[in-house]
Amino acid sequence: MSVVESQLHIEMGTKKPCRNCKWEIADPTNPNQGQCTVNRTKAGSVWKRWVRDVHNMTCTHYEEGELSFRDHV
Ligand code: SF4
């Protein structure tokens, strides 16, 4: 796996969008954007990364999450 793929990156039409990933938290005002919480500092606190397009961004840390309270647009 390349270094780039392990990082959050644009992949148009990806089958593993951040939107469906359990690490992603949708932005309350704009659900097309959100924050990725997969990264943690050594101290254990969450280091959030901004996700500009939750439909077309992904990374190799993708894990299918529960969509429970999120609406399917
Ligand atoms: S772990 Fe990867 S796929 Fe999941 S939200 Fe973060 S950047 Fe997106």
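Calculation notes
Residues numbered from 1 in each chain as written. Predicted model: local features only at pLDDT ≥ 70, side-chain atom pairs only at ≥ 80, totals over all residues. Helix = DSSP H or I, 4+ residues; strand = E, 2+ residues; numbered from the N terminus. Buried ≥ 20, exposed ≤ 12 C-beta atoms within 10 Å, placed from the backbone. Contact = placed C-beta atoms within 7 Å. pLDDT = per-residue confidence, 0-100. Pairing = 2+ DSSP bridges. Axes fitted to C-alpha atoms, helices over the stretch in contact; angles between N-to-C directions. Core = buried A, V, L, I, M, F, W, Y, C linked by C-beta atoms within 7 Å.

For the chain, the name recorded in an unreviewed UniProt entry is Benzylsuccinate synthase beta subunit domain-containing protein, with Desulfosarcina ovata subsp. ovata as its organism.

Peer 1: So what's going on with the overall build of the chain? Residues and values would help.
Peer 2: Tallying secondary structure elements over the chain gives one helix and five strands in all. The helix and strand sequence of the chain, counted from the amino end, reads α-β-β-β-β-β. In the chain, which comprises 73 residues, the proportion classed as buried is 16%. Contacts in the chain between residues at least 24 apart in sequence constitute 57% of all its contacts with a sequence separation of at least 6.

Peer 1: Give a detailed account of the confidence of the model for the chain, specifying residues and quantitative values.
Peer 2: Averaged over all residues, the pLDDT of the chain equals 89, while 86% of them reach at least 70. Confidence, read as mean pLDDT per element, is least for helix 1 (residues 3–6) in the chain (75) and greatest for strand 5 (residues 57–58) (97).

Peer 1: Tell me about the sheet that holds strand 3 (residues 34–36), and please be specific about residues and values.
Peer 2: Sheet architecture is open: three strands sit in the order 2-3-4, paired in antiparallel fashion. Here the strands that pair on one side only, and so sit at the sheet edges, are strand 2 (24–26) and strand 4 (49–51). Between one strand axis and the next, the sheet turns through 30 degrees on average, direction left out of account.

Peer 1: Any details on the nonpolar core? Residues and values, ideally.
Peer 2: Among the nonpolar cores identified, the biggest contains seven residues, and these are Cys18, Cys21, Trp23, Cys36, Val51, Val54 and Met57. Leaving out residues up to four positions away in the same chain, Cys21 has contacts with Tyr62, Glu63 and Gly65.

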